[in-house]
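# Secondary and tertiary structure notes
Here's the letter readout for the chains.
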Amino acid sequence: MFRGEHVVAVIGKYHGLGNRLRVTLGAQSLADWAGRRFHYTWPTGSQFGSRLTDLWEFDADRLPGGVAQALRVRYPYQREPDLTWLSAAADKRVWQIRTPHALRLPAGAVPWGERLQQLGLTPPLAERVTSFYSRHLAGEPYIGVMVRAHVISNSKTLERSPIDWYLERMRRIREERPGIRFFVSADTPQAQLTVLDAIPGSVALDDKGGYNTGPGLRSSVVDLYLLASAGHLIGPYFSSFPEVAQALAGPRLRLETSGSSDDQILSPGEILHVTRDPLRPKR
């Protein structure tokens, strides 16, 4: 199996969806750039309940975690996302990459976000995206709101992006744009209910499943595409998930957080984009 030269994306079992996507797709681009075969690990269990192929149509070779561990004796994990190790490892047959961060790819390699844009959702998830979009969001601009409130979230995120900050910002936007719709994606049922109750006319997925369970992750991917299809995105401070939505949509979708500079904040007279196809939300 390991004849020739290879790149392995090694995913930690605690890594979330955004971290997994960035490293897997970035390592795949690095493999293509270097002319090497690509493999990836994708541990599942109580910390993460879905395979990559449960979410997207992805035909790369998934490697058992035990194989990566065995290879580690001879081919240690490379943990630096800026690839400072690349020249020294040029003659190594296997590059094993383990990091939660996006790789700083060489010139000419396809950015991980562009790879994400090219992936197709599995048919059941594609149907959920298009069905919800056509019923609740199609035809008029809307604003995506991604709320992080789960206790395991980064402490900076919870401190800098409390629920009250979202509600205040949404109310201000509603004053500036009467009737504007909000699509809400929250990582706890209570946070989602709080926002929906406080901001009438907002919509969100129902019955999303538990945090990082199989059903919960499938719902998160549906959320991801609906957020990416918004005209503007409001998200938590210091979180990878809304950045994945932004990567899926391309740079024209601005992400506004509590730490944003003035040029990232939605202005009252700004025209918002309307997405034609929520399965291909790239601008």
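Before any of the text, the structure's been laid out above.
Residues numbered from 1 in each chain as written. Predicted model: local features only at pLDDT ≥ 70, side-chain atom pairs only at ≥ 80, totals over all residues. Heavy atoms only, no water.

The final tally for this structure, using the stated rule, is eight salt bridges. Close ionic contact of Arg-148 with Asp-187 constitutes a salt bridge, the shortest N to O distance being 3.2 Å. A residue pair is termed long-range when its members are at least 10 positions apart, and Arg-148 in the loop between strand 8 (142–147) and helix 5 (155–160) and Asp-187 in the loop between strand 9 (181–186) and helix 7 (189–198) qualify at 39 residues. (Salt bridge = Lys/Arg side-chain N within 4 Å of Asp/Glu carboxyl O. Helix = DSSP H or I, 4+ residues; strand = E, 2+ residues; numbered from the N terminus.)

Turning to the nonpolar core, a few remarks are in order. Of all hydrophobic cores here, the largest spans 59 residues; its most connected members are Leu-17, Trp-56, Leu-116 and Leu-226. With eight residues, the top contributor of residues to this core is helix 8 (residues 214–228). Apart from the residues within four sequence positions on either side, Leu-116 is in contact with Leu-21, Leu-25, Trp-56, Tyr-225, Val-244 and Leu-248. In terms of nonpolar packing, the next biggest core, distinct from the first, is built from 19 residues, Val-147, Ile-173, Val-184 and Ile-234 among them. (Core = buried A, V, L, I, M, F, W, Y, C linked by side-chain atoms within 4.5 Å. Buried < 20%, exposed > 50% of the residue type's maximum accessible area, 1.4 Å probe, protein only. Contact = heavy atoms within 4.5 Å.)

With that settled, consider the sheet that holds strand 10 (residues 232–234). Strand order in this open sheet of four strands is 9-8-10-11, and the pairing throughout is parallel. Two strands close off the open sheet at either side, each with one partner strand: strand 9 and strand 11 (255–256). In this structure, strand 8 lies alongside strand 9, joined through six bridges in parallel fashion. Bridge pairing in strand 9 links Val-145 to Val-184. Relative to the sheet, helix 6 (residues 163–176) contacts strand 8, strand 9, strand 10 and strand 11, its axis offset from that of strand 8 by approximately 170 degrees. Packed on one face of the sheet, helix 7 meets strand 8 and strand 9 and runs near 165 degrees to strand 9. (Pairing = 2+ DSSP bridges. Axes fitted to C-alpha atoms, helices over the stretch in contact; angles between N-to-C directions.)

Here we come to the side chain of Arg-148. Under the relative-accessibility criterion, Arg-148 is labelled buried at 17%. One polar contact links Arg-148 to Asp-187, side chain to side chain, over a distance of 3.2 Å. Only 3.2 Å separates the side chain of Arg-148 from the side chain of Ser-239, close enough to count as a polar contact. (Polar contact = N/O pair within 3.5 Å; in protein donor to acceptor, adjacent residues only side chain to side chain.)

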